[in-house]
There are 2 protein chains.
Amino acid sequence: METVSENRVFGGTQGVYRHAASSTNCEMTFALFLPEKAQFGTVPLLWYLSGLTCTHENAMTKAGAQAWCAEAGIAICFPDTSPRGEGVADDDAFDLGKGAGFYVNATQDPWAPHFRMWDYVTDELPALLAEHFPVDADRQSITGHSMGGHGALTAAMRLPGRFQSVSAFAPIAHPTTSDWGRKQFKAYLGEDEATWKEHDATLLMRERGFNGPVLIDQGTDDNFVDLLKPEALAEAMAARRQPGQLRLQKGYDHSYFFMSTFMEEHVAFHAEALHG
Amino acid sequence: METVSENRVFGGTQGVYRHAASSTNCEMTFALFLPEKAQFGTVPLLWYLSGLTCTHENAMTKAGAQAWCAEAGIAICFPDTSPRGEGVADDDAFDLGKGAGFYVNATQDPWAPHFRMWDYVTDELPALLAEHFPVDADRQSITGHSMGGHGALTAAMRLPGRFQSVSAFAPIAHPTTSDWGRKQFKAYLGEDEATWKEHDATLLMRERGFNGPVLIDQGTDDNFVDLLKPEALAEAMAARRQPGQLRLQKGYDHSYFFMSTFMEEHVAFHAEALHG
């Protein structure tokens with residue numbers, strides 16, 4: 001593992017690291033913020049999964065999470081959103097291929113050799129962090145934005161016991177019925193829609209739910225809200241009596257300005273679950 | 001004036017606007033955050049001048065200032081750092097020409113026709129904001145980073161009564177003795193070094209000082225510290241008995257991670273002066 005950069009921020013360290021990943025069969029880059037408290041022992045770990053077109057870098061510089069994670073004594077990891085490199089398949093569209101891994105393991109060509117972001121984010125990278133950094137694998141929570149909110153919600157519900165809490169900013173909440181989902185699942189997973197169900201937060205909420213608190217924020221002026229389908233997830237949460245809340249935030253859009261505004265509350269929400 | 005974008009953030013509005021500027025004789029873009037409080041009356045105005053290579057956009061997205069300005073009920077303006085456009089002179093070096101206006105009025109060719117950032121930032125843009133936005137021209141303060149810290153300090157000392165307080169992050173503190181300064185002043189202002197003196201914070205501190213509080217933060221691991229010369233300004237502040245403080249922050253570098261860490265304290269510092 002190679003250190004790309006380390007910067008001091010809010011008394012802790014914002015690192016960027018590169019490693020050869022076996023799941024995605026390419027070099028992967030991720031960012032990890034460690035609070036000052038990590039100098040004295042292990043700290044809980046919050047995952048932040050990013051949205052379409054993002055790398056590890058966007059949320060690291062624009063979401064404003066480090067201030068609150070420093071205060072709460074929590075590490076936060078920003079993985080990349082897809083495999084990268086010259087030998088990795090891509091598409092001209094911004095919502096397929098590089099920057100658009102959708103947190104699934106592709107079974108279809110040309111994607112299958114590298115697009116295994118599910119394994120990378122839920123298996124390989126957690127193991128790598130536990131080995132090399134003072135993070136506590138027994139105290140993890142997860143959040144994300146848009147495609148990353150989809151990733152966070154599906155990971156939390158499919159891996160019971162892994163995460164103490166889950167939150168999301170404007171998640172792609174029902175991808176099997178949306179153009180943000182159907183196109184990508186068809187490409188990565190194939191025509192058999194039965195294989196898509198494990199990657200749809202609304203369907204998982206209906207059938208499993210999450211054993212812990214759930215917090216979802218959605219801007220009322222989000223220009224992509226028709227693709228996100230928060231109404232489907234809201235209905236499923238209410239029908240299931242899932243403990244949690246889905247908040248419609250007046251006037252906010254899909255940008256990092258939205259996330260930065262509510263980041264303090266999301267980190268505090270996770271901190272309560274992680275330290276509780 | 002044209003609205004490029006407006007995003008809701010921390011209950012207020014982050015706008016980006018474009019206008020034809022007469023001082024720089026080109027189209028200029030600036031960012032202005034208005035807190036929610038501005039819906040009900042005028043609010044104080046904090047200026048944030050950016051460093052080399054930056055546009056209005058860098059600090060707007062990475063410095064984390066809106067959270068604290070929203071809380072304090074203060075507007076914050078992020079001007080660009082130079083004239084822009086096809087007809088504007090430039091240089092291959094990152095530290096001369098576009099993105100490197102140095103907050104002076106150039107008198108030398110090829111820079112003189114457009115590089116009048118002093119007039120733009122201290123005259124034309126303040127008048128434009130006062131005309132179009134609910135900001136209180138009698139309650140202004142100023143801050144900045146690196147080249148922008150130089151701009152903030154020189155503006156504050158050369159315009160007595162204009163600003164209630166001044167702060168800076170890692171300012172270019174003594175440009176007449178630094179490669180970040182001599183090169184640019186020679187290009188923009190010519191060989192006569194007497195014309196440079198009005199643009200050197202250390203020289204201005206020795207001769208005038210500032211009638212109000214001063215706060216300067218400098219990272220001890222700043223990779224550009226030899227060009228910034230904080231020791232010269234520290235000596236001048238102490239010799240003058242200038243009320244204020246210059247803090248050396250252990251382990252911090254020259255990046256936005258440094259600024260975002262101490263932004264809360266800078267905004268609170270200005271808020272006290274502006275609301276006091």
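Residues numbered from 1 in each chain as written. Chains lettered and ligands numbered in written order. Predicted model: local features only at pLDDT ≥ 70, side-chain atom pairs only at ≥ 80, totals over all residues. Heavy atoms only, no water.

1. Notes on the sheet that holds strand β3 (residues 26-34) of chain A
Pairing is mixed in the open sheet, where 9 strands are placed in the order β1-β2-β3-β5-β4-β6-β7-β8-β9 (chain A). Strand pairing shows two members of the sheet lacking a second neighbour, β1 (2-9) and β9 (245-249) of chain A, which therefore form its edges. For this sheet the average axis-to-axis angle between neighbouring strands, irrespective of direction, equals 20°. Two elements, strand β4 (residues 43-49) of chain A and strand β5 (residues 75-79) of chain A, share 3 bridges in a ladder whose sense is parallel. Along β5(A), the bridge assignment pairs A:W47 with A:C77. Helix-sheet contacts for helix α9 (residues 256-275) of chain B involve β1 and β2 (12-21) of chain A, and the interaxial angle to β1(A) is about 30°. (Pairing = 2+ DSSP bridges. Helix = DSSP H or I, 4+ residues; strand = E, 2+ residues; numbered from the N terminus. Axes fitted to C-alpha atoms, helices over the stretch in contact; angles between N-to-C directions. Contact = heavy atoms within 4.5 Å.)

2. Notes on the relation of the copies chain A and chain B
Of the transformation superimposing chain A on chain B, the axial component is 0.0 Å and the angular component is 180°, with the fit at an RMSD of 0.0 Å. Both chain copies can therefore be described as sitting about a two-fold axis. Considering only C-alpha atoms, the residue of chain A closest to the rotation axis is A:K62, which sits at 2.6 Å. A high fraction, 100%, of the interface residues of chain A reappear at the interface in chain B, so the copies pair face to face through one surface. (Least-squares fit on C-alpha atoms with pLDDT ≥ 70 in both.)

3. Regarding unusual backbone geometry
A cis amide bond links A:D109 with the next residue in sequence, A:P110, at an omega value of 0°. Mapped onto the elements of the fold, A:P110 is located in the loop between β5 and α3 (117-132). Non-glycine residue B:T53 carries a positive phi angle of around 75°. With respect to the helices and strands, the residue B:T53 is situated in the loop between β4 (43-49) and α1 (57-62).

4. Digging into the sheet that holds strand β3 (residues 26-34) of chain B
Note: strands within a sheet are paired through backbone hydrogen bonds, in either parallel or antiparallel orientation. Residues and elements named next belong to chain B. With respect to topology, 9 strands assemble into an open sheet ordered β1-β2-β3-β5-β4-β6-β7-β8-β9, the strand pairing being mixed. Edge positions in the sheet fall to β1 (2-9) and β9 (245-249), since each has one partner strand and no second. Strand-to-strand, the axes of this sheet are offset by a mean angle of 20°, without reference to chain direction. As paired elements, strand β2 (residues 12-21) and β3 share 9 bridges and run antiparallel to each other. The partner of A20 across the bridge, within β3, is E27. Lying on the sheet, α9 is in contact with β4, β6 (135-144), β7 (163-169), β8 (214-219) and β9; it crosses β7 at an angle near 170°.

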